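# Structural features, examined
This is what each chain is made of:
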Amino acid sequence: MTQSAQATAPLALRAAGIHRRFPLPQERLFAKRRVLHAVDGIDVEVPAGTTLGVVGESGCGKSTLGRVLVGLDRADAGEIEWAGRPAGAHDGRVQAVFQDPASALNPRLTVFSAIAEALPDLGGEERRARVTRLMELVELDEQLLDRLPHELSGGQQQRVCIARAIASDPALILLDEAVSSLDASLQMQVIGLLRDLQERTGAAYVFISHDLRAVRGVSDRIAVMYLGQVVELAPAEKFDAELLHPYSVALRSAEPALPSDEFRPERIILEGDPPSAVDLPRGCRFASRCPIARDRCRAEEPELRPAADGHTVRCHFPGELRLTRRRDEHAGGAQ
Ligand SMILES: Nc1ncnc2c1ncn2[C@@H]1O[C@H](COP(=O)(O)OP(=O)(O)O)[C@@H](O)[C@H]1O
Ligand code: SF4
Ligand SMILES: [Mg+2]
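Every chain is numbered on its own, with residues counted from 1 as its sequence reads. In the order they appear in the text, chains get letters beginning with A and ligands get numbers beginning with 1. Selection of residues for local features in this predicted model requires a pLDDT of at least 70, selection of side-chain atom pairs for listing and counting requires 80 or more, and totals for whole chains, interfaces and linings are taken over all residues. Only hydrogens and water are set aside; all other atoms, that is, all heavy atoms of the structure, feed into the side-chain values.

### Some words on the sheet that holds strand 3 (residues 51-55)
Our working rule: Should DSSP find at least two bridges between two strands, the strands are regarded as paired. Strands are runs of DSSP state E lasting at least 2 residues, helices are runs of H or I lasting at least 4, and numbering of each runs from the N terminus. Axis definition: a line fitted to C-alpha atoms, limited for helices to the stretch in contact. Angles are taken between N-to-C directions and run from 0 to 180 degrees. Throughout, a contact is declared for two residues whenever any of their heavy atoms are within 4.5 Å.
Taken in spatial order, the 8 strands of this open sheet run 6-7-8-3-9-10-12-11, and their pairing is mixed. Two strands in the sheet have a free side with no partner beyond their single neighbour: strand 6 (94-97) and strand 11 (305-308). Recorded for the sheet is a direction-independent mean angle of 25° between the axes of neighbouring strands. Packing against the sheet, helix 9 (residues 246-253) makes contact with strand 3, strand 9 (221-226) and strand 10 (229-235), and its axis sits at approximately 105° to strand 9.

Here you go:
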């Protein structure tokens, strides 16, 4: 979808001020209760027919955010609307696809039954016709209709899950690491399929992955998460050279380059691990690993601020650390 079409499309998802905290078991009877801040104040808007990517290291809160956004978990604070109405019980307006299709499918249900289960209001011929049409849409051979999950490949199993997800014509689909268990070429196939399906159905996606390349392959806009917060939100095309937050820059620089890549950035290696989500640091949460951190960063927490059209960043010194072209490129010896 073009930028201007996105601006006028109705919102499939609007979430504001989302928090999700997990109380930890009490260490001693009168000890202070400790709380893990998994999602710490996130706003999200996803226009119909577009994809919001969410990327970040393992443990930064992506899955927790995703589950809350589609009503599989509650928020401790914040508001959520699906297709313009308050989110309610998990209903047909939203669906989800997860990493492991084998565990999402009932081992005793055939492909037909698994998809038909998602169409409770249809009977007989109509149901059969719809299942066949859904299989066609996700490019599953009709001959697989009577197969059980263990007789399918991982890619085929995930296509069954996607067919089930689109069966109720949802406004929003959460895809949480949905291609992460597939090999690289299958990932690209399923991503292509997801894009085609979006053109046809107009569904919005929230596509979560630790893998920035997969996220870039499917998203219109991408939110980079660090320790429960969004640190940068930008159109996907800005993920080549226009990133502004040092963490996003490092993440992008660490992406393995493909021979077809025009832009291959110089690698920036981050030291250490993120701080604990229980004892949150003062100031910028990224300061302990940021290559350009200074006193102000450790004293004052940056806010998420608009930087340009549709681009927001949480950093006191946005754009100071940039992606640069790999040096071996200039010598002509790209590897
Ligand atoms: N049910 C839970 N109870 C306690 N802590 C949880 C629970 N679910 C997730 N967490 C914690 O919340 C943080 C974010 O986890 P998660 O959302 O799974 O991250 P990601 O998907 O980015 O890897 C982690 O520190 C994780 O250990
Ligand atoms: S605020 Fe400072 S420490 Fe945080 S990302 Fe920006 S430059 Fe780095
Ligand atoms: Mg996860």
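### A short note on the site of ligand 1
Selection criterion: Being near a molecule or strand, for a residue, means having at least one of its heavy atoms within 4 Å of it. Any N or O atom pair separated by 3.5 Å or less is treated as a polar contact, with the protein-specific requirement of one donor-capable and one acceptor-capable atom, and with residues adjacent in sequence counted only for side-chain atom pairs. Working definition of accessibility: Shrake-Rupley area with a 1.4 Å probe, residue cover restricted to the visible protein chains.
All residues in the neighbourhood of ligand 1 are listed as Phe22, Leu36, Ala38, Glu57, Ser58, Gly59, Cys60, Gly61, Lys62, Ser63 and Thr64. Contacts to ligand 1 include lysine 62, whose side-chain N or O atom sits 2.8 Å from an oxygen atom. At 2.9 Å from an oxygen atom of ligand 1 is found a side-chain nitrogen or oxygen belonging to serine 63. Protein coverage of the free-state accessible area of ligand 1, which is 560 Å², stands at 60%.

### Topic: the domain arrangement of the chain
Threshold: The split of the chain into domains comes from an automatic or database domain assignment. Computed with a 1.4 Å rolling probe, the buried area is the accessible surface lost when two parts are put together, summed over both parts. Basic side-chain nitrogens of Lys or Arg form a salt bridge, by our definition, when they fall within 4 Å of a carboxyl oxygen of Asp or Glu.
Here the domain parsing of the chain yields domain 1 (3-93 + 173-181 + 196-330) and domain 2 (95-169). Spacing between the C-alpha centres of domain 1 and domain 2 amounts to 30 Å. On the side of domain 2, 16 residues touch domain 1, which itself brings 17 residues to the contact. For the pair domain 1 and domain 2, the summed buried surface comes to about 1,300 Å²; carbon and sulfur atoms form 59% of the total. Where domain 1 touches domain 2, the interface holds 0 salt bridges. Counting every contact that joins domain 1 to domain 2 gives 7 residue pairs in polar contact (both at pLDDT 80 or more). Contributing elements (two or more residues each) for the side of domain 1 that touches domain 2: strand 7 (172-176) and helix 7 (184-201).

### Side note on the environment of alanine 287
Our working definition: The classification of residues rests on relative accessible area computed with a 1.4 Å probe and restricted to protein chains. Under 20% of the type maximum is buried, over 50% is exposed, and intermediate values are partly exposed.
Looking at where alanine 287 falls in the secondary structure, it is placed in the loop between helix 9 and helix 10 (295-299). Residue classification places alanine 287 among the buried positions, given a relative accessible area of 9%. Spatially, the C-alpha atoms of alanine 287 and methionine 225 are 15 Å apart, while their sequence positions differ by 62 residues.

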